[in-house]
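# Chain and residue survey
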Amino acid sequence: MNGLINNTTDIEDDLCPHTGVISWYSCVFELYAPTAIFVDKYVSPVLYFVGLFGNLLTIKIWSRRIRKTNTSALYLTVLAISDLLLLALHCVMELQFTWGVSTLNKPLWCPAFFVFYMFAQYMSPLLIMGFTLERFISIAIPFKGERFSRRNRGVAEVIVIIVFSVLLAVPQIFGWTVPSDGECQGTGLEFFATWIWVSDILVFCVFPVISLVLNILVINAVSRSVKLRRDAAPSFELNGLNSKLLKNRPKEHSRSRIRVSTVTLLCVSFYRLFTVIPVAIIFALQYRIPPGDEGLSVTDIGKDSTWKRFFNYFTAKKMIDEVGLSQYSCNFFLYYMTANYFRNEVCRLLRSFMECKIGISEIRGKRSGTESSTKGTLLSMRKSFYD
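Residues numbered from 1 in each chain as written. Predicted model: local features only at pLDDT ≥ 70, side-chain atom pairs only at ≥ 80, totals over all residues. Heavy atoms only, no water.

## Quick word on the overall build of the chain
- Scanning the chain for helices and strands turns up 15 helices and 2 strands.
- The 387 residues of the chain split such that 38% are buried.
- Expressed as a percentage of contacts within the chain between residues at least 6 apart in sequence, the contacts between residues at least 24 apart total 77%.
- Surface summary for the chain: the accessible area is close to 22300 Å², and the carbon and sulfur share equals 67%. (Helix = DSSP H or I, 4+ residues; strand = E, 2+ residues; numbered from the N terminus. Buried < 20%, exposed > 50% of the residue type's maximum accessible area, 1.4 Å probe, protein only. Contact = heavy atoms within 4.5 Å. Areas by Shrake-Rupley, 256 points an atom, 1.4 Å probe, with all protein chains shown as cover.)

## Topic: the nonpolar core
- Counting residues in hydrophobic clusters, the biggest one holds 55 residues, and the most contacted among them are Leu79, Phe114, Tyr117, Phe131 and Phe342.
- Ranked by the residues each element gives to this core, the list is headed by helix H6 (residues 109-140), at 15 residues.
- Apart from the residues lying within four places of it in its own chain, the contact partners of Phe114 are Met93, Phe97, Leu104, Gln172, Trp176 and Cys184.
- In terms of nonpolar packing, the next biggest core, distinct from the first, is built from 17 residues, Val298, Ile301, Phe310 and Phe314 among them. (Core = buried A, V, L, I, M, F, W, Y, C linked by side-chain atoms within 4.5 Å.)

## Comments concerning the packing of helix H4 (residues 44-63) against helix H14 (residues 331-338)
- Across the interface, H4 lies against H14 with an axial gap of 8 Å and an inter-helix angle of 45 degrees. Of the possible angle classes, the one that applies to H4 and H14 is oblique. Contact residues: Val50, Gly54, Leu57, Thr58 and Trp62 in H4; Phe332, Phe333 and Tyr335 in H14. (Axes fitted to C-alpha atoms, helices over the stretch in contact; angles between N-to-C directions. Parallel < 35°, antiparallel > 145°, perpendicular 65-115°, else oblique.)

## Brief notes about the environment of Gln185
- Mapped onto the secondary structure, Gln185 falls in strand S2 (residues 185-186).
- For the pair Gln185 and Asn105, spaced 80 residues apart in the sequence, the C-alpha separation amounts to 8.9 Å.
- Beyond its immediate sequence surroundings of up to four residues, Gln185 is in contact with Val21, Ile22, Cys110, Gly175, Trp176, Thr177 and Pro179.

## Describing the environment of Gln96
- Tracing the sequence through the fold places Gln96 in helix H5 (residues 71-97).
- What Gln96 contacts, discounting residues up to four positions off in sequence, is Val101, Ser102, Thr103, Leu104, Asn105 and Cys184.

## Things to note about the pattern of salt bridges
- Scanning the entire structure with this criterion turns up 6 salt bridges.
- The salt bridge partner of Asp40 is Lys318, with a shortest N-O separation of 3.2 Å. Placement of the pair is Asp40 in helix H3 (residues 34-42) and Lys318 in helix H13 (residues 305-325), with a sequence separation of 278 residues.
- Given a relative accessible area of 4%, Asp40 falls into the buried group.
- The exposure class assigned to Lys318 is buried, which follows from its relative accessible area of 15%.
- Here the salt bridges do not stand alone but share partners, grouping Arg64, Glu345 and Arg348 into one network. (Salt bridge = Lys/Arg side-chain N within 4 Å of Asp/Glu carboxyl O.)

## A short note on the state of the cysteines
- Counted by the stated rule, this structure contains 2 disulfides.
- Between the sulfur atoms of Cys16 and its disulfide partner Cys27 the distance amounts to 2.1 Å. Residues Cys16 and Cys27 are joined by a disulfide whose S-S torsion is about -75 degrees; by sign, that bridge is left-handed. Remark: Cys27 occurs in helix H2 (residues 21-32) and Cys16 occurs in the loop between helix H1 (2-14) and H2; sequence separation between them is 11 residues.
- Covalently, Cys110 is tied to Cys184 through a disulfide, its sulfur atoms 1.9 Å apart. (Disulfide = S-S within 2.5 Å.)

## Focus on the side chain of Thr275
- As for its placement among the helices and strands, Thr275 is situated in helix H11 (residues 249-284).
- For Thr275, a relative accessible area of 5% puts it in the buried group.
- At 3.0 Å, the side chain of Thr275 and the backbone oxygen of Arg272 are in polar contact.
- In this view, Thr275 contacts Val323, Gly324, Ser326 and Gln327; residues no more than four positions away in its chain are not counted. (Polar contact = N/O pair within 3.5 Å; in protein donor to acceptor, adjacent residues only side chain to side chain.)

## With respect to the packing of aromatic side chains
- By the definition in use, this model includes 33 aromatic pairs.
- When the centroid spacing of 5.5 Å and the interplanar angle of 80 degrees are considered together, the rings of Phe332 and Phe333 count as edge-to-face.
- Among the residues examined, Phe332 registers a relative accessible area of 17% and is labelled buried.
- Relative accessible area serves as the criterion here: at 40%, Phe333 is assigned to the partly exposed category.
- Three or more aromatic residues link up through ring pairs in this structure, and these residues are Trp24, Tyr25, Phe29, Tyr32, Trp307, Phe310, Phe311, Tyr313 and Phe314.
- Geometry around Trp99 places Lys41 over its ring, the cationic atom sitting 4.8 Å from the centre.
- Between the NZ or CZ atom of Arg65 and the centre of the ring of Tyr341, over which it lies, the distance is 4.2 Å. (Phe/Tyr/Trp six-rings, centres within 6.5 Å; stacked < 30°, edge-to-face > 60°. Lys NZ or Arg CZ within 6 Å of the ring centre and 35° of its normal.)

Following this line, the structure appears as C-alpha cells:
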C-alpha cells in the first residue's frame, strides 16, 4: 500500500519536475493559476501589436514638430521611442518566462537584458515628470518659461534623464545570473533587493506623486489664467480697444494652441499615473504575500492555504500588470483625441495610404486591360492571317 502511495506521489511530481526554478514555477502556475497565464499569454500580444503601430506613427508625427521652442514634441517623441523599446524587451521576457522559450539563458545576456529593460521602464516616469515640470514652468511662471524655452534646454534635459535612468538600471547586473540549471533567474543578493526597493519606490512612487502635484498646480494655473482673461475682456471693450484685440488675435491663437498641448500632456501624465500606481502597489505587496513551501508535492500545493493565497495574488498581479503595460501602447489614442495637429496628420497619412492603394490598383487594372487588348489584337491578326 505504501509503495502505491509513493508511486502516486512520484507521478504527481512528474507533472512539474524540478529541472529549473523558473520552469517549475511556470508549470505550477499553469495548473493552479490558469487565468493569470491566459491573460499573460494572450493579452500582451494584443498590446504589442497596438503599441508597435501606435508608437511608430507617434514618432513619425511628433518628430516633425520638434523645434527649438517646442520641447513638448521632443518629450513625446522620446517617450514613444522608449515605449517601443520597452515593448520589444517585454516581448523577449514573455517568451522566456511565460512561453518557456530560451531567450535569456546566456550568462552575459541575462543581466545585460535587465539593465536595458529597467532603463526603458525608468525612462517613462522620468520623462513624464520632465515634461510636466516644463509645462508647469511655462504656464505658472510664463516669463521664466519663455526664457527657458528660448535657451533650448529640452535636448539637455532628455540627455540628463537618459543618463539618470542608466545609472539607476546598471545595478541590475548584480541581480541576475544563469546558475547551473541553465535558467536566467535572480541572484537573491540582499544588496540588490534593497536597491530594487529604493529605486522602484523613488521612480514609481515618489516621481509620480511629484508629477501629480505639478499637474494639479498646472490645472489651477490654467483655470486662474482663463478666469483672469474673462474678467479682463469687458474692460477692453469699454475702453474702445477693439483694435488691440484684433492685433492680439494671433497671440490668442497661440494661447489656444498652448491650451491644447497642455490638455494633451495632462491626459498623458494622468493616464501614466493611474496605470503605474496600481503596479507599484501590487509590486510592494509581493513581500507580504510570499509563495508557500516549494518542497510540497504538486497535489499538496493545490491544498495549501499559503499557496492558494499566493495564486490569488499572482492572478491579480498579472491582470494589473497588463493594465500597466497598456501605458506603453495606448498613448496614440490620447494624442488622437486631444491634439488637433496629431489627428489631422493621422487623417492625412491615412488619405495618402488609401490614395496610394487606389493608384496601385488602377495601374494594375490598366496594365491588365492593356495586356488583354494586346492578346485580343494578336488573336484577331492570327485569325485573319489563316483566313
